[in-house]
Amino acid sequence: MPASILEEVGHLLGAALIRDTATRLSCPSCGSAHVAQVLGDNGGISYVCTACGHSWS
């Protein structure tokens, strides 16, 4: 158990940063993190890079 509220907040922020980094998508073509999730033609999930226009699923 943390000794103070500041220690607990620091622990939670560290976990949030790790989770954000682990789940962030990047474009396989240009490496940009500007990626949108879109609904594909057959109902599947696809992604499109808003920086270069590359799309993938």
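Residues numbered from 1 in each chain as written. Predicted model: local features only at pLDDT ≥ 70, side-chain atom pairs only at ≥ 80, totals over all residues. Heavy atoms only, no water.

The protein appears in an unreviewed UniProt entry as IS1 family transposase from Streptomyces brasiliensis.

Attention now goes to the sheet that holds strand S1 (residues 35-39). A sheet is described by the order of its strands in space; here 3 strands give the open sequence S1-S2-S3, paired in antiparallel fashion. Because the sheet does not close on itself, it has two edges, and the strands there are S1 and strand S3 (55-56). For strand S2 (residues 45-49) and S3, the ladder comprises 2 bridges, and the chain directions are antiparallel. When the bridges of S3 are listed, Val48 appears paired with Ser55. (Pairing = 2+ DSSP bridges. Helix = DSSP H or I, 4+ residues; strand = E, 2+ residues; numbered from the N terminus.)

Along the chain, Cys52 turns up in the loop between S2 and S3. Under the relative-accessibility criterion, Cys52 is labelled partly exposed at 43%. Considered as a pair, Cys52 and Ser29 are 23 residues apart in the sequence and their alpha carbons are 8.1 Å apart. In this structure, Cys52 is in contact with Cys27, Ser29 and Cys30, ignoring residues within four places of it in sequence. (Buried < 20%, exposed > 50% of the residue type's maximum accessible area, 1.4 Å probe, protein only. Contact = heavy atoms within 4.5 Å.)

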